[in-house]
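So the chains spell out like this:
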Amino acid sequence: MAPSTRPVPHRPRRPPGPLRALAAVVWPAVCAGCGAADEPLCRPCAAAVRGGGLPAALAGTTVRGAPPTWAAAAYEGAVRRVVVAWKDRDRADLDRWLVPALTGSVLAALEQTERLAAPPAPAGATRASPGGRGHAGAPVLIVPVPSGGRAVRRRGRDVVAGLAVSTARELRRRGVPVVVAPVLRPSRRLRDQAGLDASGRAGNLARALVVDGPAAWAVPVRGAPPGAGAVGPVVVVDDVVTTGATLAEAARALRAAGAPVVAAAVLAAAQRRGDGEPGDG
């Protein structure tokens, strides 16, 4: 389960400068998390999206086959409002805060996966940075969960795929070799996941995704170091995890095509109440 976000006290805002004040008249901005005026995301809501400054945590999943999943924050309160605004209210400006949040989740997934897979380090030895040890220099493959056709048409973009591309750019800036592979696609139309419990979500998603195109993990990757061959670990990314049904189906489809799926990373984890939660995961 993702950690609860720690409360961050509100600080008085400085008066806006002349240009910012003029822009606010022409394009009025409101915080996506709390509705405060004059800024797209206030400091307390931005801190909530980042998980209150805590590292990404292992999210609880209830569906068999879901990979270990790391989340930056709990999907509630301001975080939930921010994600909904980003997905369904054309708030692409929120990428500025969501990209670092997902980046933290991917780094936590890689670090913990490597730590569990690596042999015990000698006394006094230091561990390599996430994404490097044990992968023979091969890049990490990030696979976004695809949005349905209706959702893409309604939103005008595949929000998770776009977020994955921006997150990969940030990871590369931090020295982690990453390749984004949007190779998953829906094989049939799905029911709306909202309101479905864990078994309902699993049934709705059974055999719902397929790998489209060549298996990127089975061939040498352009830009990889000489001799690296195929890519390293595969990390599935999505925006929200509820029961883990979507991530389990994505992992099943990828593994069936030979991908070495090791983990998943998301922005936020829903706090389950037994009757399902809004969202796709």
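Residues numbered from 1 in each chain as written. Predicted model: local features only at pLDDT ≥ 70, side-chain atom pairs only at ≥ 80, totals over all residues. Heavy atoms only, no water.

(A) Expanded view of the overall build of the chain. Scanning the chain for helices and strands turns up 8 helices and 8 strands. Residues classed as buried in the chain amount to 46% of the 281 residues present. Accessible area of the chain: about 13,800 Å², with a carbon and sulfur share of 56%. (Helix = DSSP H or I, 4+ residues; strand = E, 2+ residues; numbered from the N terminus. Buried < 20%, exposed > 50% of the residue type's maximum accessible area, 1.4 Å probe, protein only. Areas by Shrake-Rupley, 256 points an atom, 1.4 Å probe, with all protein chains shown as cover.)

(B) Representation of the nonpolar core in the model. With 44 residues, the main nonpolar core has Leu 41, Trp 86, Leu 94, Leu 98, Val 106, Val 237 and Leu 267 as its most contacted residues. Looking at this core, the elements with two or more residues in it are helix 2 (43-49), strand 2 (69-75), helix 3 (77-88), helix 4 (95-117), strand 3 (140-144), helix 6 (159-173), strand 7 (234-241) and strand 8 (261-270). By residue number, the principal contributor to this core is helix 4, which donates 8 residues. The residues touching Val 237, leaving out its near neighbours within four places in the chain, are Leu 102, Val 106, Ile 142, Val 143, Pro 144, Val 145, Val 160, Ala 164 and Ala 265. Core analysis: the next-biggest nonpolar cluster, separate from the first, contains 22 residues, Ala 59, Leu 184, Val 234 and Ala 251 among them. (Core = buried A, V, L, I, M, F, W, Y, C linked by side-chain atoms within 4.5 Å. Contact = heavy atoms within 4.5 Å.)

(C) Geometry of helix 6. Between its first and last C-alpha atoms helix 6 spans 21 Å; for 15 residues at 1.5 Å apiece the expected length is 21 Å, and the two agree. The set of residues buried in helix 6 consists of Val 159, Val 160, Ala 161, Leu 163, Ala 164, Ser 166, Thr 167, Ala 168, Glu 170 and Leu 171. Looking one or two residues beyond helix 6, the residue adopting positive phi is Gly 175, at roughly 95 degrees. (Expected span 1.5 Å × (residues − 1).)

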